[in-house]
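Coordinates in review
Here's the letter readout for the chains.
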Amino acid sequence: MSQPPRQIHLNAFLRNVGQHEAAWRLPETNVASVTDIGHYQELARIAEKGKLDAIFFADHPVLKDRSQDRPWDSLDPFTLIAALSGVTRQIGLVATASTTYNDPYGLARRFATLDHVSRGRAAWNVVTTANDAAAANFGFEHHPNPESRYRRAAEFLDVTFGLWDSWDDDAIIGDKARGVFVDPDKIHRIDHVGPSFRVAGPLEIPRSPQGRPVIFQAGSSEPGKDLAARYADAIFTAQPEIEEGRAFYADIKGRVRAAGRDPEKVLVLPGLSFFIGGTEEEAFALRETFENLTLPTYGIAQLSRITGLDLSTHDLDAPIRIPPRPVEGDQRSRHDLVHRLTSAETLTLRQLLRRLSAGRGHRIATGTPEQVTATIVEWFETGAADGFNLIPPALPTSLASFVEQVVPLLQAKGLFRTEYTGSTLREHLGLERPAVGPRAVAVSSAAE
């Protein structure tokens, strides 16, 4: 039997009033939307109208530098998507949570609950938190180094998977006549003892509709790619040029295969920012409107954090070249990206800041709906992406433009759904429901 045609996957990254650092300064932007649940409900409905796979929320458990220059992600993403699960019916719901500043049992419990509450639409975007300042918010004197954080993350995921699998799918009997609610032999301890965690289990929540919530992983560092190859169902990444996208795609698929997993079942989803106009000139004029509102103070602070260089005294209109990063670190992948950008072109600091203002190194498509569609199709059909994590510059306007103008073109090409054909996020992504993993001993007291 022939395989169904491969389909593009699209998620929407929803950052308050838009990913572009100057989106909040647009005349039409309501700055109060940053904490208004009605705003996020509208965004969720627009994304679901476009039949997107999921909506995605980042998390930054620390107020970032230069907070006077732009609004940050101030709302807890898990609470936000739990609220949005009640006003949507089919779209997936992705919340970011750190393995460095959470515990496996608590996080496993919350995401399993969300998967039940949303009827199988929950996903966890796994991060290790790169911002050193977060440590002080959780009572730690020092932020762990990347190697330590990724070791903890792998163990964290092992424990979480074990907890999600601690109930058999048929553990609930519900036999009223015999007075037996669950079969205790089908509920299992995990008895994990490791370098970072000691967790007995089982989870007190039955196995969720997706078996396990979908796992996303964001990052392009070497340890991040290794972690994703072992555990992730989908990977968010940043490649501004298609050649880099193809290299990353081939690298990840190879690592997944080496980890004993099916590369076709691990999706690579680069970020895509976009400016859409009726003509190419209109699209570039729209992009320039955003860039003209950027604040150099903010861009310089972000670029200095990524590169480790003090750029505060660099002439904005003088050429700049970012040297290679000498050692591995938290911002290595983003540093390398900026290094490649300034090596390939002669850019002034001002030009570099404007180039980074929309997507922070993600691909930016600027043009007509047909041109933006062509970019997506080219990356999809030439081994650079399985789809994209859409990064709308302004919200809700950019997301609405994409749904109204680009999605129909992808549908007309037969590359994107016209209706949801499944009810869970795993079904949207073409992923199978995972079987229960290896087990420890059964606990006979589980039903007491």
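Residues numbered from 1 in each chain as written. Predicted model: local features only at pLDDT ≥ 70, side-chain atom pairs only at ≥ 80, totals over all residues. Heavy atoms only, no water.

Now for the packing of aromatic side chains. Per the stated rule, a full pass over the model turns up 16 aromatic pairs. Taking 5.1 Å as the distance between ring centres and 45° as the angle between the ring planes, the aromatic pair formed by Phe13 and Phe56 counts as tilted. Of this pair, Phe13 sits in strand S1 (residues 9-13) while Phe56 is found in strand S2 (residues 54-57), placing the two residues 43 residues apart along the sequence. What makes Phe56 buried here is its relative accessible area of 6%. Summarising the aromatic geometry, the rings of Tyr40 and Phe57 are spaced 6.1 Å apart at their centres and angled 65° between planes, so their arrangement reads as edge-to-face. Taken together, the positions of Tyr40 in helix H1 (residues 37-49) and Phe57 in strand S2 put the pair 17 residues apart, joining distant regions of the chain. A residue is classified by how much of its surface remains accessible, and Phe57, at 3% relative accessible area, is buried. Here Arg6 stacks its cationic end above the ring of Phe380, 3.9 Å away from the centre of that ring. (Phe/Tyr/Trp six-rings, centres within 6.5 Å; stacked < 30°, edge-to-face > 60°. Helix = DSSP H or I, 4+ residues; strand = E, 2+ residues; numbered from the N terminus. Buried < 20%, exposed > 50% of the residue type's maximum accessible area, 1.4 Å probe, protein only. Lys NZ or Arg CZ within 6 Å of the ring centre and 35° of its normal.)

Moving on: the pattern of salt bridges. Applying the stated criterion across every chain, the model contains 22 salt bridges. In this structure, Asp169 engages Arg433 in a salt bridge whose closest nitrogen and oxygen atoms are separated by 3.0 Å. Within this pair, whereas Asp169 is found in the loop between helix H5 (146-164) and strand S5 (172-175), its partner Arg433 is found in the segment after helix H15 (425-429), the two being separated by 264 residues in sequence. For the salt bridge of Arg255 with Asp226, the shortest nitrogen-to-oxygen distance reads 2.6 Å. Note that Arg255 is positioned in helix H7 (residues 242-258) and Asp226 in helix H6 (residues 222-231), a separation of 29 residues in sequence. (Salt bridge = Lys/Arg side-chain N within 4 Å of Asp/Glu carboxyl O.)

Quick look at helix H8 (residues 280-291) now. The terminal C-alpha atoms of H8, which comprises 12 residues, lie 17 Å apart, in line with the 16 Å expected from a rise of 1.5 Å per residue. Buried residues of H8: Ala283, Arg287, Phe290 and Glu291, and no others. One side of H8 carries all its buried residues, which in axial view fall inside an arc of 100°. Among the structural elements, strand S11 (267-276), helix H11 (349-356) and strand S14 (363-367) are those in contact with the buried residues of H8. (Expected span 1.5 Å × (residues − 1). Arc of directions from axis to C-beta. Contact = heavy atoms within 4.5 Å.)

All right, on to the confidence of the model for the protein then. On average, residues of the protein score 91 in pLDDT, and 94% of them are at 70 or above. Under a pLDDT of 50 for its full length, residues 440-448 has, in the predicted model, 18 contacts with residues more than four places off or in other chains. (pLDDT = per-residue confidence, 0-100.)

As a further point, take the packing of H6 against H7. At a closest axis distance of 8 Å, the pairing of H6 and H7 adopts a crossing angle of 50°. As far as their axial angle goes, H7 and H6 are oblique. As H6 packs across H7, the resulting crossing turns out to be right-handed. Taken together, the residues of H7 that come into contact with H6 (itself represented by Glu222, Lys225, Asp226 and Ala229) are Phe248, Asp251, Ile252, Arg255 and Val256. Broken down by class, the residue content of the contact of H6 with H7 amounts to 4 nonpolar, no polar and 5 charged. (Axes fitted to C-alpha atoms, helices over the stretch in contact; angles between N-to-C directions. Parallel < 35°, antiparallel > 145°, perpendicular 65-115°, else oblique. Left-handed = near helix turned anticlockwise from the far one by under 90°. Nonpolar A, V, L, I, M, F, W, Y, C, P; charged D, E, K, R; others polar.)

Let's shift gears to the packing of helix H9 (residues 296-307) against H11. Between H9 and H11, the least distance of the axes is 10 Å, while the angle of their chain directions is 85°. The angle between H9 and H11 falls in the class roughly perpendicular. Contact residues: H9 offers Pro296, Gly299, Ile300 and Leu303, while H11 offers Leu349, Leu352, Leu353 and Leu356.

So, about the environment of Pro369. Structurally, the position occupied by Pro369 is in helix H12 (residues 369-381). For the pair Pro369 and Gln405, spaced 36 residues apart in the sequence, the C-alpha separation amounts to 5.8 Å. Residues within four places of Pro369 in sequence aside, it is in contact with Ile276, Gly277, Gln405, Val406 and Leu409.

Below, the discussion takes up the environment of Asp315. Along the chain, the position of Asp315 falls in the loop between H9 and strand S12 (319-320). Between the alpha carbons of Asp315 and Thr348 there is a distance of 8.5 Å; along the sequence they are 33 residues apart.

Within S11, 10 of the 10 residues are buried, which leaves the element mostly enclosed by the surrounding structure. As judged from the 4 bridges shared by strand S10 (residues 234-237) and S11, these two strands associate in the parallel manner. Following the sheet pairing, Ala234 is matched in S11 by Leu267. Following the chain from S10 across H7 to the adjacent parallel S11, one finds a crossover that is right-handed. With 5 bridges joining them, S11 and S14 adopt parallel strand pairing. (Pairing = 2+ DSSP bridges. Right-handed = clockwise from strand over helix to strand, strands pointing away.)

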